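Listed below are the residues making up each chain.
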Amino acid sequence: ENQVGRGAGPAVVCGKPRQVRLKRTAERGRTTMGTKVWALLTVDLGEKSSWTSHVASRDGRARLPLLVFFRGQRVSAMRDEALRVLTALYEAVAAVDPRWEVVPLFEFCGWSRQTIVERFNVDSFEEVRPECDQRELSPEWKSRLLPLCTVEPEVEGCSTSYSPMDEVCVGGTFDRLHAGHRLLLSATVAVCDKTIFVGITADVLLAKKKNRELLEPYGVRKGCVEDFIRAMNPNLKVASGELGLHDPGAVTSASMDGIVVSRETVAGAKSINDEREKANYKALVVIPVNLVGATSQEGDAKKLSSSDLRQMDSVSQARGAKGESAP
């Protein structure tokens, strides 16, 4: 067996990793992330590989929360490359399970395999590498060689360059944290070096939402958002508050540098900059991220949404009350 953080890694054939179970050691017991058990996937972004295929093909019945550690200089200087990688990651996640807990970790946030294993309770890990020695492949894997040895998919609209910023804001309801939310939040982490300001829709503003009784309360949503951000980069400061009761910090804070929005809410970000101009504040850098699981990137496109997830939960609960099994 190999151990994360001790310099050894799993055998890899053409990007097909062999899962390695970690030995339980006293060193691994020193974790600050509680008792939750994680799987770890390491991806070298210095070369083309099939890492999205490995995310999208994981067995749901045995699936653990997943840490994806991205190595390489490709995303360190200009963070638009990080956004491209994150978009590819969460599209793959949405194809498996929109609510699957997947946390991306980057070297520019200070992560190494050693620091990961010291902070998280990692049970097993895999490493995706680009080496493709056909002599070691079974006939089945030879037939899959070409589709597997490809770079992650190109992502529409991720062409603008972003440098790291000190203060970045983001907002949303964040009910039933899903792949779309995690893309929005992880993009915010990727472009921020100091403080993230998160506006979370207040409960009183959600009274007319469909399946309102199934909405997670503000405190739960706030905790999930903050836990995700701190898992991805514990060095960042996180300031969160209720959105909709007062003027947002995006409008009132002169020191704010940027705002991360989904493509359907870019118009709202432009309105915020109009308000900032009236106050003689600098314009925010607007960082749009793609809609996840969407038929297109148009504002009215069908996409992954918390409303649909609540509806699914409502139907499931109704079946359970009737003693029916899920289809």
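What you are looking at is a predicted structure, and each value in this text was computed from that prediction instead of being measured.

Thresholds applied
- Counting from 1, residues in each chain are numbered in the order their sequence is written.
- Local features in this predicted model are restricted to residues of pLDDT 70 or higher, and side-chain atom pairs are both shown and tallied only at a pLDDT of 80 or more, whereas totals for entire chains, interfaces and linings draw on every residue.
- The side-chain values count all of the structure's non-hydrogen atoms but skip hydrogen atoms and water molecules.
- Think of it this way: any DSSP run of H or I at least four residues long counts as a helix, any run of E at least two long counts as a strand, and we number them from the N terminus.
- Think of it in three bands: residues with accessible area under 20% of the maximum for their type are buried, residues over 50% are exposed, and the middle band is partly exposed, with areas taken using a 1.4 Å probe on protein chains only.
- We call two residues contacting when some pair of their heavy atoms lies within 4.5 Å.
- Only the protein chains shown count as cover for residues, with accessible areas throughout obtained via the Shrake-Rupley method and a probe of 1.4 Å.
- Strand pairing is assigned whenever DSSP detects at least two bridges linking the two strands.
- As a rule, the C-alpha atoms of each element are fitted with a line to give its axis, helices using only the stretch in contact, and angles between N-to-C directions run from 0 to 180 degrees.
- N or O atoms within 3.5 Å of each other form a polar contact, as long as, within protein, one can give a hydrogen and the other can take it, and as long as residues adjacent in sequence are counted only when both atoms are side-chain atoms.
- Candidates for patches are residues over 30% relative accessible area with no salt bridge; among them, like charges are joined within 9 Å and nonpolar side chains (Val, Leu, Ile, Met, Phe, Trp, Tyr) within 5 Å.
- Salt bridges, as used here, are contacts in which a Lys or Arg side-chain nitrogen is within 4 Å of a carboxyl oxygen on Asp or Glu.
- A clockwise path from the first strand over the helix to the second, with the strands pointing away from the viewer, defines a right-handed crossover.
- Scored between 0 and 100, pLDDT is the confidence that the predictor attaches to each residue.
- Expected span of a helix: the number of residues minus one, times 1.5 Å.
- Here a pair means two rings of Phe, Tyr or Trp (six-membered ring of Trp) with centres within 6.5 Å. Their orientation is stacked below 30 degrees between planes, edge-to-face above 60, and tilted elsewhere.
- By definition, being over a ring means that NZ of Lys or CZ of Arg is both within 6 Å of the ring centre and within 35 degrees of the ring normal.

Turning our eyes to something else, we now look at the overall build of the protein. Assigned secondary structure in the protein consists of 10 helices and 12 strands. The buried share of the protein, reckoned over its 327 residues, is 46%. A fraction of 79% describes how many contacts in the protein between residues 6 or more apart in sequence connect residues 24 or more apart. Here the protein displays about 15,600 Å² of accessible surface, and carbon together with sulfur accounts for 49% of that area.

Here we come to the sheet that holds strand β10 (residues 237-243). What the 5 strands build is an open sheet, ordered β10-β9-β8-β11-β12; its pairing is parallel. Each edge of the open sheet carries a strand with a single partner, namely β10 and β12 (285-289). Strand-to-strand, the axes of this sheet are offset by a mean angle of 25°, without reference to chain direction. Packed on one face of the sheet, helix α9 (residues 266-278) meets β11 (258-262) and β12 and runs near 155° to β11.

Turning to the environment of Asn-121, a few remarks are in order. With respect to the element layout, Asn-121 can be found in strand β7 (residues 121-128). Separated by 85 residues in sequence, Asn-121 and Lys-36 place their C-alpha atoms 6.4 Å apart. A distance of 3.4 Å separates a polar side-chain atom of Asn-121 from the backbone oxygen of Thr-35.

Okay, the environment of Val-43 next. Along the chain, the position of Val-43 falls in strand β4 (residues 37-44). For the pair Val-43 and Arg-71, spaced 28 residues apart in sequence, the C-alpha separation works out to 6.1 Å. When residues no more than four places from it in sequence are discounted, the contact partners of Val-43 are Ser-49, Trp-51, Val-68, Phe-69, Phe-70, Arg-71 and Val-128.

The grouping of Val-204, Leu-205 and Leu-245 at the surface amounts to a nonpolar patch, some 280 Å² of accessible area in total. The residue Val-204 is located in the loop between β9 (192-201) and α7 (218-232) in this model.

Our next topic: the pairing of strand β6 (residues 102-106). Each regular strand shows side chains that alternate between the opposite faces of the sheet. By the criterion of burial, β6 is predominantly enclosed, with 5 of the 5 residues buried. With burial as the criterion, each face of β6 is covered, one bearing Val-102, Pro-104 and Phe-106 and the other bearing Val-103 and Leu-105. One ladder, built from 5 bridges, connects strand β5 (residues 66-71) with β6; its direction is parallel. When the sheet's bridge partners are listed, Leu-67 is paired in β6 with Val-103.

Further remarks concern the side chain of Ser-262. Within the fold, Ser-262 resides in strand β11. When neighbours within four sequence positions are excluded, Ser-262 is seen to be in contact with Leu-184, Val-289 and Leu-291.

A positive phi angle, near 60°, is found at Phe-174, a position not held by glycine. On the secondary structure map, Phe-174 appears in the loop between β8 (165-172) and α6 (179-191). Phe-174 gets classed as buried once you look at its relative accessible area, which sits at 1%. One non-glycine residue, Arg-176, adopts positive backbone phi at about 55°. Note that Arg-176 resides in the loop between β8 and α6. A residue is classified by how much of its surface remains accessible, and Arg-176, at 10% relative accessible area, is buried.

Across the 10 residues of β9, 7 count as buried, placing the element largely inside the fold. Here β8 pairs with β9 via 7 bridges, running parallel. Pairing of Met-165 across the sheet is with Cys-192, part of β9. Between β8 and its parallel partner β9, the chain crosses via α6, and the hand of that crossover is right-handed.

Inspection of the secondary structure puts Thr-201 in strand β9. Considering only alpha carbons, one finds Thr-201 and Gly-244, 43 residues apart in sequence, at a separation of 6.2 Å. If we skip the residues at most four places from it in the chain, Thr-201 touches Gly-172, Thr-173, Leu-206, Tyr-218, Arg-221 and Leu-243. Side chain to side chain, Thr-201 and Thr-173 meet in a polar contact 3.2 Å long.

Let's shift gears to the confidence of the model for the protein. Summing up the model confidence of the protein, the mean pLDDT is 77 and the portion of residues at 70 or higher is 67%. Here residues 132-137 scores under 50 on pLDDT; set against residues more than four positions off or in separate chains, the count is 10 contacts.

Now for α9. The first and last C-alpha atoms of α9 sit 19 Å apart over 13 residues, in line with the 18 Å expected at 1.5 Å per residue. As for α9, its buried residues are in contact with α8 (249-252), β11 and β12.

What follows covers the packing of aromatic side chains. Scanning the model with the defined rule gives 5 aromatic pairs in all. Judged by centre distance (5.5 Å) and plane angle (75°), the ring pair of Trp-38 and Phe-120 falls under edge-to-face. Note that Trp-38 is positioned in strand β4 and Phe-120 in the loop between α3 (113-119) and β7, a separation of 82 residues in sequence. Just as Trp-38 is buried, Phe-120 falls in that class too. Clustering of aromatic rings is evident, with ring pairs tying together Trp-51, Phe-70, Phe-106 and Phe-108. Geometry around Phe-108 places Arg-79 over its ring, the cationic atom sitting 3.9 Å from the centre.

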